[in-house]
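Architecture at a glance
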Amino acid sequence: MSLSAKHLLGIRDLSREDISVFLQTAEQFKEVLQRPVKKVPSLRDITIVNLFFENSTRTRISFELAEKRLSADTINFTASSSSVSKGETLLDTVNNILSMKVDMVVMRHSASGAPHFLAKHIPAAIINAGDGINEHPTQALLDAFSIREKTGKLEKVKVAIIGDIMHSRVALSNIYLLKKMGADVTVCGPPTLIPKYISEALGIQVNYNLKETLEWCDVANVLRIQLERQNQVLFSSLREYNLTYGISRRLLDELHKEIIIMHPGPINRGVELDSDVADSKQSIILQQVENGVAVRMAVLYLLSNRNAISN
Ligand code: CP
């Protein structure tokens, strides 16, 4: 199995075939991760740098673990403890790291387009681990993997993405991926947190009514309010947001079916999701995190151009 892309900068430019290759390869790595010995030598002698210019728990640990499971050599870079604080540019920082013979770069950055900029200037394969409000492609792949694992398909699955759509890279990558794979997508949230014309631009439905959206969907992917990315007041209070768009046990019990609850994390409990929903059997939030390791192993492996999953 091979890819048409050299980098993973976003889902927007991937073909349906590329997405299928990532998901099928992730299935093979999920099987590897069930074994008593969870490590394979697939990326032995490959060196990967994890460049995190923005905070992360899940994505960072997941990439690090995926790299270790593939036997790669890894370097971890955190902007706050680096010479970036002395004024070094992104390109100088990366070129200095690459001069130490690094093969692949995993990067998270608060600036949308930062990994695309790097891809134009450096020879290494680049994996976008989240850039500003643009894309978070490995999150969308692990979300799709988790939906398919749970429902058996992506085609015609009804997925609602609920919350702060405007500032969410997870929402955009999920929409691109789900549309390419034939799923039906509705976004739901306060009108101030949903971009105008998103329906026409991306071929999805918009519904501002949470109850109607939950009645419609098979899967609800619930997003955090990205307060750190908002420079103006877009809703009156978190309490009011919870009353109108928070998912409670009572709301789910009133539906005529049982839906799957997803969240990319970190959760703000009591705001977008109540604890008794986040921790319920309908929630696959921790399965998403578990699947993230297999998906990132697949991404690293396929972009490294090594051609056999050895054991
Ligand atoms: N889902 C996600 O990107 O989480 P982190 O910010 O903790 O990596």
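**Some thoughts on unusual backbone geometry**
- The peptide bond linking G265 to P266 adopts the cis configuration, its omega dihedral lying at -5°.
- Structurally, P266 can be placed in the loop between strand 9 (260-262) and helix 11 (275-278).
- The residue Y197 is not glycine, and still its phi comes out positive at about 70°.
- Topologically, Y197 is positioned in the loop between strand 6 (184-188) and helix 7 (198-202).
- Under the relative-accessibility criterion, Y197 is labelled exposed at 62%.

**As for helix 6 (residues 169-180)**
- When the terminal C-alpha atoms of helix 6 are compared, their 17 Å separation across 12 residues agrees well with the 16 Å that a helix rising 1.5 Å per residue should span.
- Listed as buried for helix 6 are R169, V170, A171, S173, N174, I175, Y176, L177 and L178.
- Capping the start of helix 6 is the job of one residue whose side-chain oxygen sits 3.2 Å from the backbone nitrogen of V170: S168.

**Here's the deal with the packing of helix 3 (residues 90-98) against helix 4 (residues 114-121)**
- Viewed as axis vectors pointing N to C, helix 3 and helix 4 meet at an angle of 55°, and their least axial separation amounts to 11 Å. When the interaxial angle is binned, helix 3 and helix 4 end up oblique. Judged by the sense of rotation from one axis to the other, the crossing of helix 3 with helix 4 is right-handed. For the pair helix 3 and helix 4, contact is made by L90, L91 and V94 and by A114, F117, L118 and H121, respectively.
- Considered class by class, the residues forming the contact of helix 3 with helix 4 number six nonpolar, one polar and no charged.

**Some details on the site of the ligand**
- The full set of residues close to the ligand is S56, T57, R58, T59, R108, H136, Q139, P264 and G265.
- Taking S56, its side chain carries an N or O atom lying 2.6 Å from an oxygen atom of the ligand.
- Note that an oxygen atom of the ligand is positioned 2.8 Å from one of the backbone N or O atoms of T57.
- For the shell around the ligand, the two domains that each supply at least three residues are domain 1 (11-135 + 291-303) and domain 2 (137-289).

**Topic: the packing of aromatic side chains**
- Evaluated as defined, the whole model comprises three aromatic pairs.
- On the basis of an interplanar angle of 75° and a centroid distance of 5.5 Å, the ring pair of F29 and Y301 is categorised as edge-to-face. In this pair, F29 sits in helix 1 (residues 16-34) while Y301 sits in helix 12 (residues 285-304), placing the two residues 272 residues apart along the sequence.
- The exposure class assigned to F29 is buried, which follows from its relative accessible area of 0%.
- Judged by relative accessible area, which is 6%, Y301 ranks as buried.
- Between F53 and F77, the aromatic rings sit 5.2 Å apart at their centres with planes inclined by 50°, giving tilted as the arrangement. Here F53, found in the loop between strand 1 (47-52) and helix 2 (58-69), pairs with F77, found in strand 2 (residues 73-78); they are 24 residues apart in sequence, far enough to count as distant. Comparing F53 with F77 shows no difference in burial state: the two are buried.

**Quick look at the pairing of strand 8 (residues 219-222)**
- Alternating positions in strand 8 separate into two faces, V219 and N221 on one and A220 and V222 on the other, with burial throughout.
- Both strand 5 (residues 158-162) and strand 8 contribute to a ladder of four bridges, which runs parallel. Bridge pairing links I161 to N221 in strand 8.
- As paired strands, strand 8 and strand 9 are joined by three bridges and run parallel to one another. Along strand 9, the bridge assignment pairs N221 with M262.

Scoring rules and cut-offs
Residues numbered from 1 in each chain as written. Predicted model: local features only at pLDDT ≥ 70, side-chain atom pairs only at ≥ 80, totals over all residues. Heavy atoms only, no water. Helix = DSSP H or I, 4+ residues; strand = E, 2+ residues; numbered from the N terminus. Buried < 20%, exposed > 50% of the residue type's maximum accessible area, 1.4 Å probe, protein only. Expected span 1.5 Å × (residues − 1). Polar contact = N/O pair within 3.5 Å; in protein donor to acceptor, adjacent residues only side chain to side chain. Axes fitted to C-alpha atoms, helices over the stretch in contact; angles between N-to-C directions. Parallel < 35°, antiparallel > 145°, perpendicular 65-115°, else oblique. Left-handed = near helix turned anticlockwise from the far one by under 90°. Contact = heavy atoms within 4.5 Å. Nonpolar A, V, L, I, M, F, W, Y, C, P; charged D, E, K, R; others polar. Near = heavy atom within 4 Å. Domains from an automatic or database assignment. Phe/Tyr/Trp six-rings, centres within 6.5 Å; stacked < 30°, edge-to-face > 60°. Pairing = 2+ DSSP bridges.

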